[in-house]
Amino acid sequence: EATQLQNEIILKKLQRANGEGDEVQLLHTSSRAKLFEYVKGSEGSDDEGTWVYRGEGQVKFIRSLEEGYNRGMIRMELTKNCTLEVLMCHEVTHEDAKPMNSNKGKAYTWICKDWAYNTTKKTFAIRFNDSMQALEWKQMFEQSKINNCNVRRGVGVPDAAAVDDVTSTFKSLSTATAASPSK
């Protein structure tokens, strides 16, 4: 019985990591990215803070289809490669992803309330291998922000047909950026 329970937990983790199941819909999966968190120095110290490496994995944009408050909302999630540990998970609503100057368009930073460990405000930075991957992520980030703000206002809460429409929009964005030549 304990083994069966462990197998069910592993299956649920795999389904969540792949954006499968009845209550979610995987809209986009980015290529591999590295996640960093800005950790402030302890109070009373002169240390301003440092960027701490949190892990590497794929960023997924996942739409919630379950009934209730979050129906239609898109969350951004980064799961660690191999272990499926969730490193970052939050809905994109009013955050601004700002490019980091030192990485030539390959990295962005933003502040949000993250659910992966606890719901405190965190400052994240994400870095991709090339600027095209980063630009694709930024487009998905902005599209998710617009969608989520509309859903919170009660505009565009999806029914089954609308979910298919948004999925095709996200897929067309993905294929458009994939088809553009990289340098």
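Scroll up to find the structure.
Conventions we followed
- Residues numbered from 1 in each chain as written.
- Predicted model: local features only at pLDDT ≥ 70, side-chain atom pairs only at ≥ 80, totals over all residues.
- Heavy atoms only, no water.
- Helix = DSSP H or I, 4+ residues; strand = E, 2+ residues; numbered from the N terminus.
- Contact = heavy atoms within 4.5 Å.
- Areas by Shrake-Rupley, 256 points an atom, 1.4 Å probe, with all protein chains shown as cover.
- Salt bridge = Lys/Arg side-chain N within 4 Å of Asp/Glu carboxyl O.
- Buried < 20%, exposed > 50% of the residue type's maximum accessible area, 1.4 Å probe, protein only.
- Core = buried A, V, L, I, M, F, W, Y, C linked by side-chain atoms within 4.5 Å.
- Pairing = 2+ DSSP bridges.
- Phe/Tyr/Trp six-rings, centres within 6.5 Å; stacked < 30°, edge-to-face > 60°.
- Polar contact = N/O pair within 3.5 Å; in protein donor to acceptor, adjacent residues only side chain to side chain.
- Expected span 1.5 Å × (residues − 1).

Asker: Would you mind showing me how to read the overall build of the protein chain here?
Answerer: In terms of helices and strands, the protein chain carries 3 helices and 7 strands. When its helices and strands are written in sequence order, the protein chain yields α-β-β-β-β-β-β-β-α-α. Expressed as a percentage of contacts within the protein chain between residues at least 6 apart in sequence, the contacts between residues at least 24 apart total 56%. Of the roughly 10900 Å² of accessible surface on the protein chain, 51% is carried by carbon and sulfur atoms.

Asker: Hey, could you run me through the pattern of salt bridges in this one?
Answerer: If the charged atoms of two oppositely charged side chains come close together, the side chains can form a pair. Under the counting rule described, the total for this entry stands at 8 salt bridges. A salt bridge links arginine 32 to glutamate 56; the shortest N-O distance between them is 3.7 Å. Remark: glutamate 56 occurs in strand S2 (residues 49-64) and arginine 32 occurs in strand S1 (residues 24-40); sequence separation between them is 24 residues. Glutamate 56 sits in the partly exposed class, given a relative accessible area of 24%. Put simply, arginine 75 and glutamate 77 hold a salt bridge, and the shortest N to O gap is 3.1 Å. With a relative accessible area of 14%, arginine 75 lands in the buried category. On the accessibility criterion, glutamate 77 (1% relative accessible area) is buried.

Asker: Where do I start with the nonpolar core in this structure?
Answerer: If you look at soluble globular proteins, the nonpolar side chains tend to sit buried side by side. Counting 22 residues, the largest nonpolar core has Val59, Met76, Trp110, Ile126 and Trp137 as the members making the most contacts within it. Breaking this core down by element, the ones donating at least two residues are S1, S2, strand S3 (74-80), strand S4 (86-91), strand S6 (107-113), strand S7 (121-128) and helix H2 (131-152). Take this core: its biggest share by element is 4 residues, from H2.

Asker: Sorry if this is basic, but what is going on with the pairing of S4 here?
Answerer: Where a strand is regular, its side chains alternate between the two sheet faces. Counting buried residues along S4, 5 of its 6 residues qualify, which places the element largely inside the surrounding structure. Here S3 runs beside S4; their pairing, made up of 5 bridges, is antiparallel. Looking at the pairing, leucine 78 lines up with methionine 88 of S4. Once S3 ends, the chain turns through 5 residues before running back antiparallel as S4, passing cysteine 82 with a positive phi of about 75 degrees.

Asker: Sorry, what's going on with the packing of aromatic side chains here?
Answerer: Between two aromatic rings, the relevant description is the distance of the centres plus the angle of the planes. Under the counting rule described, the total for this entry stands at 8 aromatic pairs. A ring pair is formed by tyrosine 108 and tryptophan 137, whose centres lie 5.5 Å apart and whose planes are at 40 degrees; its orientation type is tilted. In this pair, tyrosine 108 is assigned in strand S6 and tryptophan 137 in helix H2, connecting sequence segments 29 residues apart. Here tyrosine 108 matches tryptophan 137 in class, with each residue buried. Here the aromatic rings of phenylalanine 128 and tryptophan 137 are separated by 6.1 Å at their centres, their planes lie at 45 degrees, and the arrangement is tilted.

Asker: Mind showing me how you'd approach the side chain of glutamate 91 here?
Answerer: With respect to the element layout, glutamate 91 can be found in strand S4. Given the relative accessible area of 12%, glutamate 91 is considered buried. A polar contact of 3.1 Å, which involves the side chain of glutamate 91, links it to the side chain of arginine 152. Apart from the residues within four sequence positions on either side, glutamate 91 is in contact with Asn70, Met73, Ile74, Arg75, Trp115, Asn148 and Arg152.

Asker: I tried to follow H2 on my own but got confused; where do I start?
Answerer: An α-helical turn contains 3.6 residues, so a residue and the one three or four places further along point in the same direction. For H2, with 22 residues, the first-to-last C-alpha span of 31 Å sits near the 32 Å given by 1.5 Å per residue. Regarding H2, the residues found buried are Ala134, Glu136, Trp137, Lys138, Met140, Phe141, Ser144, Lys145, Asn147, Asn148 and Val151. Where H2 starts, the residue carrying a side-chain oxygen 3.2 Å from the main-chain nitrogen of methionine 132 turns out to be aspartate 130.

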